Amino acid sequence: MKTTSNPIRSTIIYGLLCGLGLIPISEGLSHVVFWPEALYLTLWMYIAVYSFLLTHWSGQSVSSIIFPLLLILIALFGIDSMSLFWVLASAILGWIRSGICFPQRMRRRIIGELILGLGGAALMLSLTPASTLTWSLAIWMFFLVQALYFVIFETCINIQESIQRDPFEKAREQAENILLTGLW
């Protein structure tokens with residue numbers, strides 16, 4: 001049986017995996033680069049993988065997100081403030097999601113991105129993460145807020161319809177509809 005991807009569920013699970021993986025990944029990277037950059041680099045990797053997921057769900061080319069991801073990577077080594085880095089990363093993630101992957105109804109999406117980006121960053125930074133444990137929780141919370149994008153804009157319906165469905169699933173749904181409506 002073929003399964004359809006659900007961006008809401010996938011974003012929540014991805015956020016949980018990012019939160020759980022933060023400690024081992026950032027600790028491993030801290031042996032290569034200094035500590036703040038190790039955390040920034042880990043966050044950049046999470047945003048990069050999430051951006052690749054967004055391109056997969058929207059059917060866009062991966063090459064279209066390389067420039068925004070390079071901007072975050074370059075800023076990673078020049079920014080000393082975690083708040084500033086995360087606001088920049090949230091803005092570029094919004095650019096990738098609403099400007100590149102799902103560009104319909106731009107004005108509405110920009111307002112939604114501002115609310116979700118600033119809301120997610122505010123919730124994340126309101127935890128005042130000081131340890132890697134609180135950073136893990138903050139990252140998961142950030143991705144929970146990011147999952148709201150697909151609830152608000154209902155793009156998961158368009159994504160699920162664009163994926164080729166299994167013929168047996170179609171037949172099962174048609175049989176259920178016939179039984180429910182009583183037209184047999």
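Residues numbered from 1 in each chain as written. Predicted model: local features only at pLDDT ≥ 70, side-chain atom pairs only at ≥ 80, totals over all residues. Heavy atoms only, no water.

**Focus on the pattern of salt bridges**
- All chains considered together, the criterion is met by two salt bridges.
- Taking the shortest distance from any N to any O, the salt bridge between R97 and E113 comes out at 2.8 Å. Within this pair, whereas R97 is found in helix α4 (residues 82-101), its partner E113 is found in helix α5 (residues 106-126), the two being separated by 16 residues in sequence. Here R97 matches E113 in class, with each residue buried.
- Across the salt bridge formed by E176 and R172, the nearest N and O atoms sit 2.7 Å from each other. One end of the pair, E176, and the other, R172, are both in helix α8 (residues 167-181), four residues apart, so they sit about a helical turn from each other.
- When its relative accessible area of 38% is taken as the criterion, E176 is described as partly exposed. (Salt bridge = Lys/Arg side-chain N within 4 Å of Asp/Glu carboxyl O. Helix = DSSP H or I, 4+ residues; strand = E, 2+ residues; numbered from the N terminus. Buried < 20%, exposed > 50% of the residue type's maximum accessible area, 1.4 Å probe, protein only.)

**Some remarks on a nonpolar patch on the surface**
- Judged by side-chain polarity, V87, M106, I110, L114 and L118 come together as a nonpolar surface patch covering roughly 440 Å² of accessible area.
- With respect to the helices, strands and loops of the structure, V87 is situated in helix α4. (Patch = residues over 30% accessible without salt bridge, like charges linked within 9 Å, V, L, I, M, F, W, Y side chains within 5 Å. Areas by Shrake-Rupley, 256 points an atom, 1.4 Å probe, with all protein chains shown as cover.)

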